[in-house]
Structure formats: structure tokens, C-alpha cells
Amino acid sequence: MNKADANLKAKKIYEKWQKEREKIEKEAKEKGEWLTVGLDSNNYLFKEVDDKAKQELKKLVDQIDD
């Protein structure tokens, strides 16, 4: 896979990640679980989604032909 193809796939991974984070944030706010103190106070809500995206991006990087 060349870098241009990888960039397109990375963009899709990012967009999916962003939508999932928005969904989690919306649900947390509806349930009253969203914390408004500190910048990092809600990071635990996104850990699974963040880790999944990082793994997908790492696999993608490994597939790039130099």
C-alpha cells in the first residue's frame, strides 16, 4: 500500500473515531455522567475507542510500502 492509499484509510479511521467519541460524549451527558471539571476528567470514557483507533492506525502504518 502506498502512502496516498494509507492516508485515505487513516482519514476514514479518524472520522469513525470522531463519530464514536461524539456518540459517547452525548450519551454521557444524557446520563449525567459527563464531568465538567478538568480537561482530562472524561478520558476514561474514551479509552476503548482511542485504543481501537490506535491499533488500526498502527496496522495501517505497518502495511505501507516504503
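See the structure above.
What comes next is a walk through the structure. The structure presented is a predicted model; accordingly, all values stated were derived computationally and were not measured. (Residues numbered from 1 in each chain as written. Predicted model: local features only at pLDDT ≥ 70, side-chain atom pairs only at ≥ 80, totals over all residues. Heavy atoms only, no water.)

Looking now at empty space enclosed by the protein. Overall, the coordinates contain 1 cavity of 30 Å³ or more when judged by the stated rule. The computed volume of the largest cavity comes to approximately 50 Å³. When contributions to the lining of the largest cavity are tallied by element, the ones reaching two or more residues are helix H1 (3-31) and helix H2 (43-62). Class assignment for the residues of the lining of the largest cavity results in 4 nonpolar, no polar and 4 charged. (1 Å grid on protein atoms, 1.4 Å probe; cavity = no way out; pocket = protein on both sides within 12 Å on 5 of 7 lines; lining within 4 Å. Points joined across faces, edges and corners; volume = space filled by probe spheres on them. Helix = DSSP H or I, 4+ residues; strand = E, 2+ residues; numbered from the N terminus. Nonpolar A, V, L, I, M, F, W, Y, C, P; charged D, E, K, R; others polar.)

Right, let's talk about the pattern of salt bridges for a bit. Opposite charge on two side chains permits them to pair, given that their charged atoms come into close proximity. Scanning all chains against the criterion turns up 4 salt bridges. Across the salt bridge formed by Glu25 and Lys29, the nearest N and O atoms sit 2.8 Å from each other. On the criterion of helical spacing, the pair formed by Glu25 and Lys29 is a turn pair, its members being 4 residues apart in helix H1. On the accessibility criterion, Lys29 (46% relative accessible area) is partly exposed. Linking Lys58 and Asp62 is a salt bridge whose minimum nitrogen-to-oxygen distance equals 3.5 Å. Taken together, the residues Lys58 and Asp62, both in helix H2 and 4 residues apart, mark about one turn of the helix. Taking relative accessible area as the criterion, Lys58 reaches 55% and is therefore assigned exposed. (Salt bridge = Lys/Arg side-chain N within 4 Å of Asp/Glu carboxyl O. Buried < 20%, exposed > 50% of the residue type's maximum accessible area, 1.4 Å probe, protein only.)

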